[in-house]
Amino acid sequence: QVQLVESGGGLVQAGGSLRLSCAASGRAFSSYALAWFRQAPGKEREFVTAISWRSSNTLYADSVKGRFTISRDNAKNTVYLQMNNLVPDDTAVYYCAADARYGYQASQYDYWGQGTQVTVSS
């Protein structure tokens, strides 16, 4: 199994930046695709970005392209989400997820962290 723990959330004003981290333990980190999802109050869980385990191909939701960057550090078993130019609509609980393959659907991911809150004020 894989355990995922997110950190780095907080309160930031619009236009600011945050860097989220997701530390993984358990099975080989480099064997898993990693993704970030987010869920705002009253809304469905939304795909944000993902990175493949082999080629490091990335996917981004249109809403975050050019603002968010996903990266991974296999030596640290950690995936990061750099969020720049944040807007209030980015407010959500952000979840890290892992699976053998990457994609847009939350149902494709077998392992999830507990989430970290990101709040963007204006």
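Our subject is the structure that appears above.
Everything numeric in this text was worked out from a predicted model, so none of it was measured.

Participant: Honestly, the sheet that holds strand S3 (residues 18-26) in this entry has me stumped. Any pointers?
Facilitator: Strand pairing in a sheet relies on backbone hydrogen bonds. The paired strands run either parallel or antiparallel. Taken together, the four strands give an open sheet; going across it, the order is S1-S3-S8-S7, and neighbouring strands pair in antiparallel fashion. Bordering the open sheet on either side are strand S1 (2-7) and strand S7 (68-73), each of which pairs with just one other strand. The average angle at which neighbouring strand axes cross in this sheet is 15°, direction not considered.

Participant: What should I look at first to understand the environment of Thr 69 in this one?
Facilitator: Summarising the element assignment, Thr 69 is placed in strand S7. When the C-alpha positions of Thr 69 and Arg 101 are compared, they lie 19 Å apart, and in sequence the two are 32 residues distant. For Thr 69, the contacting residues outside a window of four places in its chain are Tyr 60, Tyr 80, Leu 81 and Gln 82.

Participant: How should the nonpolar core be read in this particular structure?
Facilitator: Considering soluble globular proteins, one finds that nonpolar side chains tend to be buried as a cluster. Counting residues in each nonpolar core, the largest one holds 36 residues, and the members touching the most others are Leu 4, Trp 36, Phe 68, Val 79, Leu 81, Met 83 and Tyr 94. Sorting elements by how many residues they give to this core places strand S9 (residues 92-99) first, with five residues. Excluding residues within four positions of it along the chain, Phe 68 makes contact with Arg 38, Val 48, Tyr 60, Leu 81, Gln 82, Met 83, Asn 84, Leu 86, Asp 90 and Tyr 94.

Participant: In this structure, what is going on with the pattern of salt bridges? I would like to understand it.
Facilitator: Pairing of side chains with opposite charge becomes possible as their charged atoms draw close. Counted by the stated rule, this structure contains five salt bridges. One salt bridge in this structure joins Arg 38 and Asp 90, with 2.8 Å as the shortest N-O distance. Placement of Arg 38 in strand S4 (residues 33-39) and of Asp 90 in the loop between strand S8 (78-83) and S9 is noted, with a sequence separation of 52 residues between them. For Asp 90, a relative accessible area of 1% corresponds to the buried category.

Participant: Honestly, the pairing of S4 in this entry has me stumped. Any pointers?
Facilitator: Each regular strand carries side chains that alternate between the two faces of the sheet. Taking burial as the measure, the seven residues of S4 include six buried ones, the bulk of the element. Inspection of the sheet shows S4 paired to S9 by seven bridges, in the antiparallel sense. Counterpart to Gln 39 in the pairing with S9 is Val 93. In this structure, S4 lies alongside strand S5 (residues 46-51), joined through five bridges in antiparallel fashion. Across the sheet, the residue bridging to Arg 38 is Glu 46, located in S5. Hairpin remark: S4 followed by S5, antiparallel, with six residues in the connecting loop; positive phi at Gly 42, about 75°.

Participant: Is there a simple way to explain the packing of aromatic side chains in this structure?
Facilitator: Geometry of an aromatic ring pair is reported as the spacing of the ring centres plus the angle between the planes. All chains considered together, the criterion is met by seven aromatic pairs. Taking 4.8 Å as the distance between ring centres and 70° as the angle between the ring planes, the aromatic pair formed by Phe 47 and Tyr 104 counts as edge-to-face. Remark: Tyr 104 occurs in the loop between S9 and strand S10 (111-112) and Phe 47 occurs in strand S5; sequence separation between them is 57 residues. Taking the centre distance of 6.3 Å and the plane angle of 70° together, the rings of Tyr 109 and Trp 112 count as edge-to-face.

Cut-offs applied
- Residues numbered from 1 in each chain as written.
- Predicted model: local features only at pLDDT ≥ 70, side-chain atom pairs only at ≥ 80, totals over all residues.
- Heavy atoms only, no water.
- Pairing = 2+ DSSP bridges.
- Helix = DSSP H or I, 4+ residues; strand = E, 2+ residues; numbered from the N terminus.
- Axes fitted to C-alpha atoms, helices over the stretch in contact; angles between N-to-C directions.
- Contact = heavy atoms within 4.5 Å.
- Core = buried A, V, L, I, M, F, W, Y, C linked by side-chain atoms within 4.5 Å.
- Buried < 20%, exposed > 50% of the residue type's maximum accessible area, 1.4 Å probe, protein only.
- Salt bridge = Lys/Arg side-chain N within 4 Å of Asp/Glu carboxyl O.
- Phe/Tyr/Trp six-rings, centres within 6.5 Å; stacked < 30°, edge-to-face > 60°.

So, to be careful, I would describe these as geometric facts and stop short of saying anything about function.
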